[in-house]
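# Residue-level structural notes
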Amino acid sequence: MAQPGMEGEDPRVELGSLLRREAEAAGLSTREMSDHFERFASQQEVIDVNGKRAEGPPIREMHYSKSHLDRLYRGETLMPSARFVRIFLRITSRAAGISPDRYNKLCLEAEILLRSGSVAARKTSSAPASIGAPGSSGESLATLQLQLSLERARHVGDNLRWALNDAQLLMNTLLQIINVLREIIVDLDIRQISEASTRIGLGTQDSRDEALRYRASAEMELGRVNERRRTLEALWDHARAELMRLSCHPGIVTETSGGASASGNSTVALHQDLLARPALDDIATALAKVSLINDRNERDTEDLVRRLAGGTGGDSEDEFSFLVRAASHPDDDLREAAVTSLCLTYQDDPKVLQIVEERSRADASELVRSAALMALSQVRPMSDRTLEICLERLRYDADAAVRQVALDVAIHSWTDESQTHDALADRVLNDSDGVIREEALQAIYSNWPTDPFTLDLVRTCACDDADWTVRYAALDALREGWTTDSFTRDLLIDRATNDADLNVRRLAIETLVGDWREDLVSRGAIYDRAVNEEVWTVRREALHAALSGRKVERLKENRKRRIFALDRSNSDPGYPDREVARAFVKNNFPRMIRLLPPEGRSDSVRRK
């Protein structure tokens, strides 16, 4: 089976297909999904009992209109946020009645697709104006890559300046040697002409021949240096143009060069006293040294040519140093990308682990702290140190996004640890974000279902949590794990009657119908909801339940249902509910059709 985000497939299309598939499995149209998001947005705006608003970006700032969801299903929109996807899957999971484990797997699959989409955006982003724009991790990584390229270009530029300076110094030295040799040859010629004897001194002639050989050698070395200088000048023009191109990109951080001297590797071949006291032996020593320098510098120049041709302007040590600096840069996106790149490329370096730990705890940006936590979980997935940092961030981090990442890491890696259980229980009771409380509760129920504390925690959340989504999740857990407990029945009746949210009341009624259908106390509560429930959709749910009856029903109960159906067909304030009661009478008590009110909606009856 193909993995999410497989090479060659558009992650946006894959994510849209995943979301559409889950919505269809839950029986929810795009209009219904949009309505659910609207209810979530309204819920987020309600101030809780502590006077604090729900954390995280406002849901109303997300795009969840029917037309946008249609485009999202077709993969024609930008990648949504991770928070949007989680809310989407939470809605469909509840409607479809899937388990928390399945929900967590869906979230993980969607997260892989979201990350694949970021990588694809980085690979395909080629417009300079878009690089460095805020708000996208893919663009941040692209900016980081450009920053690395700029760092390499600077490194090559420094090397070229040093090489050009060395070549110029070497040319000056060789020109000095040639001038000295020319003077020596002229001096020897004059000495020969001025001799009174016609016999030429052998020593003078030998010295003149030696000086001529040295001059030819110096001119040859000068030619080598001059050829290398022309090559270096061409390379410098290319490197300078590349440096200017990279520096013009938006988002590139201009850093001052390390203050390298332009004469970093310069070498003077001749001693300063040579011109004052010229000697052929000194010149021979200098030429031998010049030849060695020429050989070494030619090898260095060939290496620079290869590096420029291959686009590798620096080595791994240069890149590592830059990433370490970038991990402390003032720009949040650059720090996030640097932390991720360090972990992926240099995960075995102790300094990297120290940097990532520091960023996960002390970074000012929640995005960087989240990225550092994710990176730690990948490079040291089962480390006790990682568990310690993860649970610390889960308990004490001020931002819900970081706590969400810590929660996900803890759930996927350390569900068999008692420390994890205690941290999750603490978040269920004390976290200010409803999403985290809900997911922590689901994790405890899924991994510690037989723990006596789990039942107490679920009951507490079902009644007392300020967020309806958490109360809903707690009722769902009670329905799956403790349906035969009479205390569960009483709690369901209380929630069906008194809960402030219609979704929780509807779930309580559904659970009573499914698991306590034969219980007379539950039947009485359902009848009460079918009459007194204010929201017509919930009232209709209770009406269906009340009219369905029990499997073994006495004559008196059957008569009560018949009278109840007639009453609802006449007096229910909602037209759809009256039609439900009318259809029930027609199908089950055809002799009583004459007692039904006239068909059609009455203008005097107001639908609630």
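### What to know about the overall build of the chain
- Across its full length, the chain carries 24 helices and zero strands.
- Taking all 608 residues of the chain together, the buried fraction comes to 47%.
- In the chain, 69% of the contacts between residues at least 6 apart in sequence involve partners at least 24 apart.
- About 30700 Å² of surface is accessible on the chain, with carbon and sulfur atoms providing 51% of the total.

### A few points about the nonpolar core
- Judged by nonpolar contacts, the single largest core of 114 residues is most densely connected at M33, F37, F84, F88, L89, L342 and L475.
- Not counting residues within four places of it along the chain, the set of residues in contact with F88 comprises L19, A23, M33, F37, L69 and Y73.
- One finds L174, L222, A239 and L304 within the second-largest nonpolar core, a separate group that totals 31 residues.

### Considerations on the packing of aromatic side chains
- Applying the stated rule across the entire model yields eight aromatic pairs.
- Geometrically, the ring pair formed by F37 and Y64 is stacked, given 5.4 Å between the ring centres and 10 degrees between the ring planes. One end of the pair, F37, is in helix α2 (residues 30-44); the other, Y64, is in the loop between α2 and α3 (66-73), with 27 residues separating them in the sequence. Across the pair, exposure class does not vary: F37 and Y64 are buried alike.
- Aromatic side chains F84 and F88 sit 6.3 Å apart centroid to centroid with 35 degrees between the ring planes, which places their arrangement in the tilted category. In this pair, F84 and F88 are both assigned in helix α4 (residues 82-96), four residues apart and thus about one turn of the helix distant. For the pair F84 and F88, one class covers both residues: buried.
- What links up through ring pairs into an aromatic cluster is the set F37, Y64, Y73, F84 and F88.
- The ring of W468 has R94 sitting right over it, with the charged end atom 5.5 Å from the ring centre.

### Side note on helix α14 (residues 400-413)
- With 14 residues, α14 should reach 20 Å at 1.5 Å per residue; the first-to-last C-alpha distance of 20 Å fits that figure.
- The buried fraction of α14 is high, at eleven of 14 residues.
- The set of residues buried in α14 consists of A400, V402, R403, Q404, V405, A406, L407, D408, V409, A410 and I411.

### Concerning the pattern of salt bridges
- Taken as a whole, this structure holds 35 salt bridges when the rule is applied.
- The residue R229 makes a salt bridge to E233 at a minimum N-O spacing of 2.8 Å. One end of the pair is R229 and the other is E233, both in helix α7 (residues 202-247) and four residues apart, which spans about a single turn.
- Across the pair R403 and D431 runs a salt bridge, and its minimum N-O distance is 2.7 Å. Pair noted here: R403 is in helix α14 and D431 is in the loop between α15 (418-430) and α16 (434-447), with a separation of 28 residues, a long-range link. You'll find R403 and D431 in the same group, each marked buried.
- Residues joined by salt bridges that share partners form a network here, namely E357, R361, R369, R380, R385, E388, E392, R393 and D397.

### With respect to the environment of A500
- Mapping A500 onto the fold places it in the loop between α19 (486-498) and α20 (502-515).
- Separated by 32 residues in sequence, A500 and W468 have C-alpha atoms that sit 8.1 Å apart.
- Setting aside residues no more than four positions away along its own chain, A500 makes contact with R471 and R505.

### As for the state of the cysteines
- All chains considered together, the criterion is met by zero disulfides.
- Not part of a disulfide, C461 finds its nearest cysteine sulfur in C463, a span of 9.6 Å.

### Structural notes on the packing of α15 against α16
- Put simply, α15 and α16 touch, their axes get as near as 8 Å, and they point 140 degrees apart. One element, α15, and the other, α16, form an angle in the oblique class. Like other packed secondary-structure pairs, α15 and α16 cross with a definite hand, here left-handed. Every residue of α16 that contacts α15 at H421, L424, A425, R427 and V428 is listed here: I436, R437, A440, L441, A443 and I444.
- Of the residues that constitute the contact of α15 with α16, the class distribution is eight nonpolar, one polar and two charged.

Procedures and definitions
- Within each chain, residue numbers correspond to sequence positions counted from 1 in written order.
- Owing to the predicted nature of the model, reporting of local features is limited to residues with pLDDT of at least 70; listing and counting of side-chain atom pairs is limited to 80 or more, with chain, interface and lining totals taken over all residues.
- Side-chain descriptors were evaluated using all non-hydrogen atoms of the structure, hydrogens and water having been removed beforehand.
- Secondary structure counts use DSSP, requiring at least four H or I residues in a row for a helix and at least two E residues in a row for a strand, with both numbered from the N terminus.
- Burial here depends on accessible area, computed with a 1.4 Å probe over protein chains only, as a share of the maximum for the residue type. Under 20% is buried, over 50% is exposed, and the range in between is partly exposed.
- Contacts were defined at the residue level, with two residues in contact if any of their heavy atoms lie within 4.5 Å.
- A 1.4 Å probe and the Shrake-Rupley method give the accessible areas. Residues count as covered only by the protein chains that appear here.
- We define a nonpolar core as any set of buried Ala, Val, Leu, Ile, Met, Phe, Trp, Tyr and Cys residues linked to one another through side-chain atoms lying within 4.5 Å.
- Ring geometry is summarised as follows: Phe, Tyr and Trp rings, the Trp one being its six-membered ring, pair when their centres sit within 6.5 Å, and such pairs are stacked at plane angles under 30 degrees, edge-to-face over 60 and tilted between the two.
- In this scheme, Lys NZ or Arg CZ marks a charge over a ring once it lies within 6 Å of the ring centre and within 35 degrees of the ring normal.
- To estimate how far a helix should extend, the number of its residues minus one is multiplied by 1.5 Å.
- Take a side-chain nitrogen of Lys or Arg and a carboxyl oxygen of Asp or Glu: if they are within 4 Å of each other, that pair is a salt bridge.
- The disulfide criterion used throughout: a pair of cysteine sulfur atoms within 2.5 Å.
- Helix axes are fitted only over the stretch in contact, all axes being lines through C-alpha atoms; the angle between N-to-C directions runs from 0 to 180 degrees.
- Angle categories: roughly parallel below 35 degrees, roughly antiparallel above 145, roughly perpendicular from 65 to 115, and oblique for all the rest.
- For any helix crossing, the convention is left-handed if the near helix is rotated counterclockwise from the far helix by under a right angle, and right-handed if that rotation is clockwise.
- Each residue gets one of three labels, nonpolar for Ala, Val, Leu, Ile, Met, Phe, Trp, Tyr, Cys and Pro, charged for Asp, Glu, Lys and Arg, and polar for the others, Gly among them.

Treat this as a map of the structure, not an account of what it does.
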